[in-house]
Amino acid sequence: PITAAADGQVVAVRLGCPQSSAFSPNTALRECGAGWGNHVVVLHGHQVLTRYAHLEPGRTAVPAGMHVQRGQLLGMMGNSGRSDTRHLHFELGTASTPFDPCGAAQSMDLVFDSELLTFSR
């Protein structure tokens, strides 16, 4: 199961991308969803977004516009899009322009490198 990292609003959902297999390179429409396959993008406020990509076909649990809470189910891990085995592609980033829930898959302006992030309380 793939769950929301924090509270927010679903601003984009891409569905309809097939997967040929869960545990070998996907050969079915690899560029579907701009290579991310089935994916969900959540806006957490202050232009901070998370993307959950390569979700299993037919197993996405949220529509665009829905408010989600931390830990809420978004979908199931899959191998859709440009993927070589079942996994979650997780992005944390920002965007200066709003995501169009009816438009093509969109990139974030800035995606943070998890190896460079440090946290403090």
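All values derive from a computational prediction rather than experimental measurement. (Residues numbered from 1 in each chain as written. Predicted model: local features only at pLDDT ≥ 70, side-chain atom pairs only at ≥ 80, totals over all residues. Heavy atoms only, no water.)

Tallied over the full model, the rule gives four salt bridges. As a salt-bridge pair, D84 and R30 come within 3.5 Å of each other at their nearest N and O atoms. Placement of D84 in the loop between β6 (73–75) and β7 (89–94) and of R30 in the loop between β2 (8–14) and β3 (38–43) is noted, with a sequence separation of 54 residues between them. Look at R30 and you get partly exposed, because its relative accessible area is 28%. The salt bridge partner of E91 is R51, with a shortest N-O separation of 3.1 Å. Separated by 40 residues along the polypeptide, E91 in strand β7 and R51 in strand β4 (residues 48–55) bring together distant segments of the chain. (Salt bridge = Lys/Arg side-chain N within 4 Å of Asp/Glu carboxyl O. Helix = DSSP H or I, 4+ residues; strand = E, 2+ residues; numbered from the N terminus. Buried < 20%, exposed > 50% of the residue type's maximum accessible area, 1.4 Å probe, protein only.)

A positive phi angle, near 50°, is found at L29, a position not held by glycine. Positionally, L29 belongs in the loop between β2 and β3. If you check the backbone angles, A34 has positive phi at about 60° while not being a glycine. Position of A34 relative to the elements: it lies in the loop between β2 and β3.

Remark: a regular strand shows side chains that alternate across the two faces of the sheet. Strand direction decides the pairing type here: β2 and strand β5 (residues 67–68), joined by two bridges, are antiparallel. Within the sheet, the bridge partner assigned to G8 lies in β5 and is V68. In this structure, β2 lies alongside β3, joined through five bridges in antiparallel fashion. Along β3, the bridge assignment pairs R14 with H39. (Pairing = 2+ DSSP bridges.)

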